[in-house]
Amino acid sequence: MTELKDLNTCVNSNWCPGCGNFGVWTALRQAIVDLKLDPKNVVLASGIGCSSQINQWTKTYGFQSLHGRVLPAATGIRLANTDLKVVVVGGDGDGYGIGMGHFIHAMRRNLDLTYIVTDNQVYGLTQGQTSPTSLKGYKSKSTPFGVIEEPANPLELAISAGATYIARGFAGDLPHLTKLIEEGMSHKGFALIDVLQPCITFNKINTFQYFRDRCYKLEDSAHDFSDKCAALTRASEKWDEKIPTGLFYRREKPTYEDGEDVIRDKALVKQELGNISINRVYKRFM
Ligand code: SF4
């Protein structure tokens with residue numbers, strides 16, 4: 001049986017001591033243990049950024065893509081071998097900035113992927129520039145007079161675009177975050193878990209204390225996660241005083257994989273390709 005320590009590689013993380021990414025890493029490894037997944041059937045796919053290095057110190061299979069391009073890569077991994085549990089990890093700059101187009105399209109397809117976004121409202125790896133989720137007025141090296149735009153709202157986008165499990169966790173609440181990641185990984189379809197992950201080095205506004213003072217759990221507030229309008233209302237709450245965490249929305253819906261005859265019954269990599277006539281395949285598309 002896999003234990004937490006079995007999921008560590010010989011590579012030590014290079015995250016800043018106290019970074020919120022450590023909480024995400026612990027919750028993710030705990031979810032793999034609790035779900036009794038065999039690590040060799042798990043793939044951690046990532047883009048570029050501090051959190052995207054997670055697969056270097058986690059003993060599963062891993063794939064690191066170009067900046068913002070992890071979702072197409074994860075789609076390919078998933079369609080090639082539907083027996084794998086594919087978990088995508090990346091930051092807000094990677095996923096909601098450079099990768100925003102891929103984010104929308106992966107959700108509308110309802111691919112069976114779990115996407116954990118470590119959302120620290122800043123580009124950490126490149127020294128603290130403003131990201132798409134930086135709050136209005138936020139000052140950084142790239143916006144010394146403060147951000148003048150409204151931040152992107154990934155949960156509103158996910159609810160509208162077609163993701164079928166949408167949650168927000170906090171890197172400072174490990175039992176709750178672990179539960180959300182476990183649910184997301186068990187869900188059949190596209191699961192988004194947006195994680196409030198303080199960057200203690202560059203973001204001096206959205207700190208652990210900032211989130212501890214504001215976060216409340218939807219489970220404690222009679223929220224109906226099957227109600228799309230209620231989910232949108234919760235997702236649009238401003239962060240002035242309170243920030244909702246937990247499950248916003250969940251629904252059952254056929255996945256992209258369900259619609260593909262070729263892989264519905266057997267993973268592509270396990271099929272005998274020798275019996276397939278390539279000319280017959282070509283003719284279907286002519
Ligand atoms: Fe974490 Fe920020 Fe350091 Fe990156 S720069 S490792 S996000 S604290």
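About the criteria used
- Residues numbered from 1 in each chain as written.
- Predicted model: local features only at pLDDT ≥ 70, side-chain atom pairs only at ≥ 80, totals over all residues.
- Heavy atoms only, no water.
- Near = heavy atom within 4 Å.
- Nonpolar A, V, L, I, M, F, W, Y, C, P; charged D, E, K, R; others polar.
- Helix = DSSP H or I, 4+ residues; strand = E, 2+ residues; numbered from the N terminus.
- Buried < 20%, exposed > 50% of the residue type's maximum accessible area, 1.4 Å probe, protein only.
- Pairing = 2+ DSSP bridges.
- Phe/Tyr/Trp six-rings, centres within 6.5 Å; stacked < 30°, edge-to-face > 60°.
- Lys NZ or Arg CZ within 6 Å of the ring centre and 35° of its normal.
- Core = buried A, V, L, I, M, F, W, Y, C linked by side-chain atoms within 4.5 Å.
- Contact = heavy atoms within 4.5 Å.
- Polar contact = N/O pair within 3.5 Å; in protein donor to acceptor, adjacent residues only side chain to side chain.
- Expected span 1.5 Å × (residues − 1).
- Right-handed = clockwise from strand over helix to strand, strands pointing away.
- Salt bridge = Lys/Arg side-chain N within 4 Å of Asp/Glu carboxyl O.

Asks: Hey, could you run me through the site of the ligand in this one?
Replies: Around the ligand, the structure places Trp 15, Cys 16, Cys 19, Asn 21, Cys 50, Asn 120, Gly 124, Gln 197, Cys 199, Ile 200, Thr 201 and Phe 202. A breakdown of the residues in the shell around the ligand according to their chemical character gives seven nonpolar, five polar and no charged.

Asks: Teacher, can you tell me more about unusual backbone geometry here?
Replies: Excluding glycine, a negative phi dihedral is what most residues carry, and trans is how most peptide bonds are arranged. Despite not being glycine, Asn 110 has its phi angle at roughly 50°, a positive value. Assignment of secondary structure puts Asn 110 in the loop between helix H4 (100–109) and strand S4 (114–119). Its identity as a non-glycine residue notwithstanding, Gln 121 has a phi of 60°, on the positive side. Residue placement: Gln 121 occurs in the loop between S4 and strand S5 (122–123).

Asks: Honestly, helix H5 (residues 154–161) in this entry has me stumped. Any pointers?
Replies: Each turn of an α-helix holds 3.6 residues, which means side chains three or four residues apart point in the same direction. Every buried residue of H5 is listed here: Pro 154, Leu 155, Ala 158, Ile 159 and Ala 161. In the stretch just after H5, Gly 162 is the one whose phi turns positive, near 120°.

Asks: What is the right way to read the pairing of S4 from this model?
Replies: If a strand is regular, its side chains alternate between the two faces of the sheet. In terms of residue burial, S4 counts as a mostly covered element, since six of its six residues are buried. The side-chain alternation of S4 yields two buried faces, one formed by Thr 114, Ile 116 and Thr 118 and the other by Tyr 115, Val 117 and Asp 119. The pairing of S4 with strand S8 (residues 191–196) spans six bridges and is parallel. Note that in S8 the partner of Tyr 115 across the bridge is Leu 192.

Asks: It is not clear to me how the packing of aromatic side chains should be interpreted in this structure. Could you clarify?
Replies: For any pair of aromatic rings, the description consists of the separation of the ring centres together with the inter-plane angle of the planes. Tallying each qualifying case throughout the model produces ten aromatic pairs. With a centroid separation of 5.2 Å and 90° between ring planes, the pair formed by Trp 15 and Trp 57 is classed as edge-to-face. Here Trp 15 is found in the segment before helix H1 (21–34), whereas its partner Trp 57 is found in the loop between strand S1 (42–46) and strand S2 (61–64), with 42 residues between them in sequence. Ring-pair connections join several aromatic residues into one group, and the members of that group are Phe 170, Phe 208, Tyr 210, Phe 211 and Trp 239. A cation over an aromatic ring shows up here: Arg 29 above the ring of Trp 25, its NZ or CZ 3.7 Å from the ring centre.

Asks: Would you mind going over the nonpolar core with me for this structure?
Replies: The tendency in soluble globular proteins is for nonpolar side chains to be buried side by side. The biggest cluster of nonpolar side chains holds 31 residues, and the ones touching the most others in it are Leu 71, Tyr 115, Phe 190 and Leu 192. Those elements that provide at least two residues to this core are S1, helix H2 (70–80), strand S3 (85–91), H4, S4, H5, helix H8 (228–235) and strand S10 (243–250). If sequence neighbours within four positions are ignored, Tyr 115 has contacts with Leu 71, Val 88, Gly 90, Gly 95, Phe 103, Phe 190, Ala 191, Leu 192 and Ile 193. Listed in part, the 28 residues of the second largest apolar core include Val 24, Ala 31, Ile 54 and Ile 193.

Asks: What's the story with the side chain of His 176 in this structure? I'm lost.
Replies: With respect to the helices and strands, the residue His 176 is situated in helix H6 (residues 174–186). What makes His 176 buried here is its relative accessible area of 7%. Engagement of the side chain of His 176 in a polar contact is seen with the side chain of Glu 219, the distance being 2.7 Å. Those residues in contact with His 176 that sit more than four places away from it in its chain are Arg 168, Lys 217, Glu 219, Thr 245 and Gly 246.

Asks: Would you take a moment to explain H1 for this structure?
Replies: Between its first and last C-alpha atoms H1 spans 20 Å; for 14 residues at 1.5 Å apiece the expected length is 20 Å, and the two agree. Summarising burial for H1: ten of the 14 residues are buried, a large majority. Among all positions of H1, only Asn 21, Gly 23, Val 24, Trp 25, Ala 27, Leu 28, Arg 29, Ala 31, Ile 32 and Val 33 are buried. Buried residues along H1 sit in contact with S1, S3, S4, H6 and S8. Positive phi appears at Lys 36, one or two residues downstream of H1, with a value of about 55°.

Asks: Can you help me understand the pairing of strand S7 (residues 165–170) in this one?
Replies: Extensive coverage of S7 is indicated by the burial of six of its six residues. Residues Tyr 165, Ala 167 and Gly 169 point to one face of S7 and Ile 166, Arg 168 and Phe 170 to the other, with burial holding for every one of them. The parallel pair S7 and S8 is bridged by H6, and the resulting crossover is right-handed. Bridging between S7 and S10 involves four bridges; their strand directions are antiparallel.

Asks: Would you mind going over the pattern of salt bridges with me for this structure?
Replies: Side-chain pairs of opposite charge can arise where the charged atoms are in close proximity. Tallied over the entire structure, the rule returns 14 salt bridges. Where Arg 78 meets Glu 257, a salt bridge forms, and the shortest distance between an N and an O atom there is 2.6 Å. Linking Arg 78 in helix H2 with Glu 257 in the loop between S10 and helix H9 (261–264), this pair joins segments that are 179 residues apart in sequence. Here Arg 78 and Glu 257 have matching classes, each one buried. Here Lys 179 ties to Glu 219 by a salt bridge, and the two come within 3.7 Å at their closest N and O atoms.

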